[in-house]
Amino acid sequence: MTALAGLVAHSLVPVVVADDAACAGALADALVAGGLPVAEVTFRTAAAPAIIEAIAGRGDVLVGAGTVLNPHQVDLAVDAGAAFVVSPGLSRAVVERALERGVPALPGVATATELQAATELGLETVKFFPAEAAGGAPAIAALAAPFAGIAFVPTGGIGPSNVAEYLRVPAVAAVGGSWMVPRDLVAARDVERLASLVRDAVALAAACRTRRTPT
Ligand code: 3PG
């Protein structure tokens, strides 16, 4: 299964901000225990490459890099074992380096102009960021109309109270967010509480999928 197919299969992408690579084992344990073996580890901290390397080395979690702002960070991420690269905005240099390195890039878009630029780079899946501030699920539905075949991964301001709105939009491939892996619980290596949050998110997503495609 490709990395993008893995993200779609799980419907959810936990967005991790962590200061210390020592949390990697607990984080991965919690994701696996919660039934969502996926992590986007953001380059908001210097610990990101070490965390990605530790998680990728286990082999039981689909791990990628987030907040990737330049080609150098693409190299750091892929060298560490990242299976996908996410950016807050659209950078041709980042997308091209990721594709050169053989991993999918998910650049952030928030407007039709940015989305059109992403399609010109050959992309079919993009991040929609900052999701809530940029119009939420209705904005994605509106953007999807003229861009048939584009899949969106919204993040930014999404949590238990509004994740269902996004998952019900057919063009949404998966929803990302930090609510599943709060920074303080990751730092505390609180496997039990992290797994519980992850499990709750998985249950919410499963309920949405059931409603979207009733049998
Ligand atoms: C991201 O980096 O993708 C977002 O900032 C995550 O947004 P959230 O913290 O509001 O979930």
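Coordinates for the structure precede this section.
Remember, it's a predicted structure, so these values are computed and weren't measured experimentally.

Close to the ligand lie Val15, Arg44, Lys127, Phe129, Thr155, Gly156, Gly157, Gly177 and Ser178. Residue lysine 127 places a side-chain N or O atom 2.6 Å away from an oxygen atom belonging to the ligand. Coverage of the ligand by the protein chains reaches 82% of its 310 Å² of free accessible surface.

Per the counting criterion, the structure on display carries nine salt bridges. Among the salt bridges present, the one from arginine 193 reaches aspartate 190, with a minimum N-O distance of 4.0 Å. In this structure, a network of salt bridges that share partners links the residues Asp75, Asp79, Arg97, Glu100 and Arg101.

The subject of this paragraph is helix α3 (residues 48-58). Of the positions making up α3, those classed as buried are Ala48, Pro49, Ile51, Ile52 and Ile55. Projection of α3 onto a plane perpendicular to its axis shows the buried side chains occupying an angular sector of 160°, all on one side. Along α3, exposed side chains directed more than 90 degrees from the buried face belong to Glu53 and Gly57. As for α3, its buried residues are in contact with α2 (24-34), β2 (38-42), β3 (62-66) and α4 (71-80). One or two residues past the end of α3 sits glycine 59, with phi positive at roughly 85°.

To continue, consider the packing of α3 against α4. Orientation of α3 relative to α4, taken along the N-to-C sense of each, is 25°, at an axis distance of 8 Å. In terms of orientation, α3 and α4 fall into the roughly parallel class. α4 is crossed by α3, and the crossing has right-handed handedness. Along the contact surface, α3 presents Pro49, Ile52, Glu53 and Ala56, while α4 presents Leu76, Ala77 and Ala80. The class makeup of the residues in the contact of α3 with α4 is six nonpolar, no polar and one charged.

Each value, and the rule that gives it
Residues numbered from 1 in each chain as written. Predicted model: local features only at pLDDT ≥ 70, side-chain atom pairs only at ≥ 80, totals over all residues. Heavy atoms only, no water. Near = heavy atom within 4 Å. Polar contact = N/O pair within 3.5 Å; in protein donor to acceptor, adjacent residues only side chain to side chain. Areas by Shrake-Rupley, 256 points an atom, 1.4 Å probe, with all protein chains shown as cover. Salt bridge = Lys/Arg side-chain N within 4 Å of Asp/Glu carboxyl O. Buried < 20%, exposed > 50% of the residue type's maximum accessible area, 1.4 Å probe, protein only. Helix = DSSP H or I, 4+ residues; strand = E, 2+ residues; numbered from the N terminus. Arc of directions from axis to C-beta. Contact = heavy atoms within 4.5 Å. Axes fitted to C-alpha atoms, helices over the stretch in contact; angles between N-to-C directions. Parallel < 35°, antiparallel > 145°, perpendicular 65-115°, else oblique. Left-handed = near helix turned anticlockwise from the far one by under 90°. Nonpolar A, V, L, I, M, F, W, Y, C, P; charged D, E, K, R; others polar.

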